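Take a look at the letters that make up each chain.
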Amino acid sequence: METLKTQSEAVGAEDLALINQWAKSPLTAGEVYTFSVCLCDNEVDRDFERFDSGALEELGRMFVGKSGIFDHQWSAGGQTARLYKTEVVREPAMTTAAGDEYRWLKGWAYLLRTEKNGDLIAEIEGGIKKEVSVGCGMGRSVCSICGAENGGCRHVPGQVYGDKLCFMELRDPSDAYEWSFVAVPAQRNAGVVKRFGGERDREAVLRKEAALGRKYLADLRREVVRLAMLADDGLDGGVFSKAAEKLDEPELLALKRGYEARAAKRFPAMPQLGARPEEKSLADEGEFLV
C-alpha cells in the first residue's frame with residue numbers, strides 16, 4: 001500500500017498541476033505538503049450503515065476540491081487542507097460483513113507549508129491526526145433485510161435476522177460537504193493512510209456477533225416450538241416450526257411467554273414427596289401381616 005508522504009518527498013509534477021487548479025496563484029512543490037486519507041468505505045460502520053460501491057464512485061467525484069476541517073465545524077478558520085484527487089481502491093482479497101468485495105475511497109489532500117501549519121503537519125506525520133469522517137447528503141437508505149427505503153420497515157439495524165445482519169445501505173449521494181479530522185470516526189478504517197490494512201479484526205468481531213445472534217434466535221425458535229407442542233396437542237409441529245422461522249425476536253419472546261403459561265396450566269408441577277409413614281392407613285399395611 002502507498003504510505004503517507006513525508007516532508008522530504010517532493011510533490012510530483014502531475015499532482016502539482018492538479019493542486020494548482022485550486023490555487024489562485026501557482027504554487028511550487030516546496031510550498032505544499034501532501035498526504036492521502038481513507039475517506040470512507042463500503043464496510044458496515046459503527047452506526048450499522050454503509051455506502052454501496054456506486055455511492056463510493058459518486059462521492060469520489062464530489063469530494064474533489066472539498067475542504068478538510070476539524071470535528072465537522074463549518075467555519076473558514078477551521079479549514080486545514082483540500083482534496084485534489086480521489087480514487088476508489090478495490091481489495092479483492094477482502095470481503096465486507098455483507099459478503100462483497102471490500103472497497104474504499106482514497107483521497108489526496110494538500111496544505112501549505114506555513115508556520116501556522118507546521119504543528120498540524122507534525123501531528124499528521126506523528127500519527128496524532130489520522131482519523132477522518134465525511135459529511136455528505138445521501139438520496140436513499142435501503143434496509144439490507146427487506147429492501148425497504150428510508151426506515152419504511154420494522155427491521156432494526158444491528159440485529160441479526162436468520163443469518164443476515166441488518167444494516168442500512170446508503171445510495172445515490174446528492175452532495176459532498178466536507179471531510180473532517182475527528183477523534184472517533186463512524187467508519188473504523190477512515191483516516192490518514194500510513195499503514196492501511198494493519199488492523200483487520202473488525203471482520204472477525206462482526207462475524208462472531210452475527211454467529212452468536214444466529215445461535216440465540218435458533219435456540220429461541222426451538223424453545224417456542226417445544227412449548228407450543230406442549231400447550232396444544234392439535235398443533236402441527238412442522239407447520240408451526242416453519243412459521244416461527246419468519247418471526248423476529250420480540251414476536252418470539254411474546255409467544256414464548258404465552259405458551260409457557262398455557263403449558264404450565266396443562267402440566268402443573270407435581271409434589272416430589274410422598275405421604276409420610278404415619279399417614280398410611282392400617283388397611284394399606286394389612287397385606288404385610290402374617
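Residues numbered from 1 in each chain as written. Predicted model: local features only at pLDDT ≥ 70, side-chain atom pairs only at ≥ 80, totals over all residues. Heavy atoms only, no water.

Novice: Before we go on, may I ask you to explain the confidence of the model for the chain in this structure?
Specialist: Taken residue by residue, the chain gives an average pLDDT of 79. The fraction at 70 or more is 76%. Within the model, pLDDT remains below 50 along residues 190-202, and this stretch shows 44 contacts once partners closer than five positions in the same chain are excluded. In the model, residues 279-283 has pLDDT below 50 throughout and makes one contact with residues more than four positions away in sequence or in other chains. (pLDDT = per-residue confidence, 0-100. Contact = heavy atoms within 4.5 Å.)

Novice: Help me understand unusual backbone geometry, please; the structure alone is not making it clear to me.
Specialist: Trans peptide bonds make up most of the peptide bonds, and negative phi angles are found at most residues other than glycine. Here the phi dihedral of F48 falls at roughly 55°; this positive angle occurs in a residue that is not glycine. Structurally, F48 can be placed in the loop between β1 (32-41) and β2 (49-51). Of the residues examined, F48 reaches a relative accessible area of 23% and is grouped as partly exposed. The backbone of D172 sits at a positive phi, close to 55°, despite the residue not being glycine. Structurally, D172 can be placed in strand β9 (residues 168-181). For D172, a relative accessible area of 44% gives the class partly exposed. (Helix = DSSP H or I, 4+ residues; strand = E, 2+ residues; numbered from the N terminus. Buried < 20%, exposed > 50% of the residue type's maximum accessible area, 1.4 Å probe, protein only.)

Novice: Would you take a moment to explain the nonpolar core for this structure?
Specialist: The tendency in soluble globular proteins is for nonpolar side chains to be buried side by side. One finds F35, L39 and W179 to be the most contacted residues of the largest nonpolar core, which totals 25 residues. Elements with a contribution of two residues or more to this core: β1, α2 (53-63), β4 (81-95), β5 (101-112), α3 (118-125), β6 (132-143) and β9. Considering each element in turn, this core owes the most residues, five residues, to β1. With 11 residues, the next largest nonpolar core counts L217, V224, F240 and Y259 among its residues. (Core = buried A, V, L, I, M, F, W, Y, C linked by side-chain atoms within 4.5 Å.)

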